[in-house]
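The chain contents come next:
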Amino acid sequence: MKDTWAFLGWSGGKVLVGRGPFRASAVAPESGAAFYRNDFGLSSDLPWWIPAEWALMEPAALAREWEGEEPPRVAWEALDASPFAGVFQEITTSIRWGIFEKTVPVVVERGSFVAGAGPSLAVRALAGPPPLVPYGWVDGRGGFAGMSPEHLLMLEGRMLRTMALAGTARAEEREVLAVDEKEIREHEFVAQALVSKLGDLGRLERGAREVLDLGPIVHFHTPIEVALDRDESVESLIRRLHPTPALGPLPRTGETMSRLQTWRERLGAPVEFGAPFGAWVNGVARVLVAIRGVWWRGEDVKLPAGCGVIEASRLVNEWRELRLKREAVKARFGL
Ligand SMILES: C=C(O[C@@H]1C=C(C(=O)O)C=C[C@H]1O)C(=O)O
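Every chain is numbered on its own, with residues counted from 1 as its sequence reads. The predicted nature of this model means local features are confined to residues of pLDDT at least 70 and side-chain atom pairs, given and counted, to a pLDDT of 80 or more, with totals for whole chains, interfaces and linings taken over all residues.

Tell me about the overall build of the protein, residues and numbers included.
Helical segments are the DSSP runs of H or I of at least four residues, strand segments are the runs of E of at least two, and each set is numbered from the N terminus. Of regular secondary structure, the protein possesses eight helices and 19 strands. Its C-alpha atoms give the protein principal-axis dimensions of about 50 × 50 × 35 Å. Three exposure classes are used. Buried residues have 20 or more other C-beta atoms within 10 Å of their own C-beta, exposed residues have 12 or fewer, and partly exposed residues fall in between, all C-beta atoms being placed from the backbone. By residue count, 45% of the 335 residues in the protein fall in the buried class. Contacts in the protein between residues far apart in sequence, at least 24 positions, make up 71% of those at least 6 positions apart. By the convention adopted here, residues are in contact when the distance between their C-beta atoms, placed from the backbone, does not exceed 7 Å.

Shown next, in the form of structure tokens:
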């Protein structure tokens, strides 16, 4: 197996795999396949990565290529709540001053491999059942792999599909989520922001808000489709949408983005966490929000999770939600 490879769950139960060396490019190629990888601030001018070889495979067939990898085991460090408490306090103050309606801090649990290594995590991600979509990027010493429930966009011709995914509860609290005013408000911030960002591009249809079951965790989900009036590039749609208020600030301005970036850096969030990660295959694009994943470099492992904070949010509840998200990821990876 080559040193660098990338994968993304594709339609029809297949997974797109690209093997390196990769060539970075400003635009997707005319035909063939390319991966899209960028940081949260979309600072790269060359976000497309064109693989030397690519294929659409059965996930199990790809996993078989890694048979014999030692299963991953990670020793996790105790997580100190005080840096998050400090950021949470600053966010509440900013909300009171009217700078934000909502923002999404990220807390990172750290650990180190005691057995296995990054590629063994990538193999586990391949087993993510729908609606989770496996994704990952593996290079010589580092990488990330996850199973994301959130699409930033899917684009085929002039049909654009996206979703609002925000508002979270444990599976046992499914019924109360459906009537929880604070969670509904958090979700509606996201759904309405998407509608207003996309409304001028064509005929938009907003589906009903529903509860999406992801095993131990449930979210509010609203599908949104736009029949575009004219051709739009994937890059311009990514810039229009990212970050939605599911991962980013509301309102989204230079100032609110830079405040969020400062909090993310302070808490050690990997730069690709919550950023768009996707691919393009012969004119069809699928771009995920890179969440519910694990990042590694050498022995070091990071498990980031974010939570939407609005005026009605309370520190203990957010801390609990962050733990729920991390525990769901650990369970999926068998960590
Ligand atoms: C930020 C994460 O998830 C996002 C935030 C959610 C929320 O605040 O309710 C729900 C789904 C995702 O859009 C994460 O999993 O780390």
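Now, about the site of the ligand: what can you tell me, with residues and values included?
As used in this record, a residue near a molecule or strand is one whose C-beta atom, placed from the backbone, is within 6 Å of it. Every one of the 16 residues lining the ligand counts as a neighbour, but Thr168, Ala246, Ala305, Gly306 and Gly308 are closest to it. Contributions of two or more residues to the shell around the ligand are made by strand 12 (159-170) and strand 19 (300-306). Considering each element in turn, the shell around the ligand owes the most residues, four residues, to strand 12. By residue class, the composition of the shell around the ligand is eight nonpolar, five polar and three charged. Ten residues, namely Ala, Val, Leu, Ile, Met, Phe, Trp, Tyr, Cys and Pro, are considered nonpolar, four, namely Asp, Glu, Lys and Arg, are considered charged, and the remaining ones, Gly among them, are considered polar.

Go over the environment of phenylalanine 35 with me, naming the residues and quoting the values.
Here phenylalanine 35 lies in strand 4 (residues 33-37). A C-alpha to C-alpha distance of 24 Å links phenylalanine 35 and arginine 230, two positions 195 residues apart in sequence. Those residues in contact with phenylalanine 35 that sit more than four places away from it in its chain are Ala6, Leu8, Gly18, Trp49 and Ala279.

Residues and numbers for helix 2 (residues 82-96), please.
Any helix carries an expected span of 1.5 Å times its number of residues minus one. For helix 2, spanning 15 residues, the distance from its first C-alpha to its last is 21 Å, which sits close to the expected 21 Å at 1.5 Å a residue. All buried positions along helix 2 are accounted for by Phe84, Val87, Phe88 and Ile91. Projection of helix 2 onto a plane perpendicular to its axis shows the buried side chains occupying an angular sector of 105°, all on one side. What points out from helix 2, more than 90 degrees from its buried face, is the exposed set Ser82, Ala85, Gln89, Thr93 and Arg96. Residues of helix 2 that are buried in the fold lie against strand 8 (106-115), helix 7 (254-266) and helix 8 (315-333). A positive phi of about 85° marks glycine 98, the residue just after helix 2. Directions pointing from the helix axis toward each C-beta atom define the arc.

Report on the UniProt feature "domain: Chorismate-utilising enzyme C-terminal" (unreviewed entry) in the protein, specifying residues and quantitative values.
UniProt positions are given in the numbering used here, feature names are shortened, and annotations may be inferred rather than shown by experiment. In the numbering used here, UniProt assigns the feature "domain: Chorismate-utilising enzyme C-terminal" (unreviewed entry) to residues 139-325. Annotation note: span residues 139-325, helix share 29%, strand share 38%, distance between end C-alpha atoms 26 Å.

So, the pairing of strand 14 (residues 210-214): which residues are in play, and what are the values?
What makes two strands pair is DSSP finding at least two bridges between them. Note that strand 14 and strand 15 (residues 217-228) share five bridges and pair antiparallel. Across the sheet, residue leucine 212 finds its bridge partner in strand 15, namely histidine 219. Linking strand 14 to strand 15, which pair antiparallel, is a turn of two residues; within it glycine 215 sits at a positive phi near 75°.

Could you give an account of the environment of glutamine 192, with specific residues and numbers?
Assignment of secondary structure puts glutamine 192 in helix 5 (residues 181-198). Between the C-alpha atoms of glutamine 192 and arginine 206, which are 14 residues apart in sequence, the distance is 9.5 Å.

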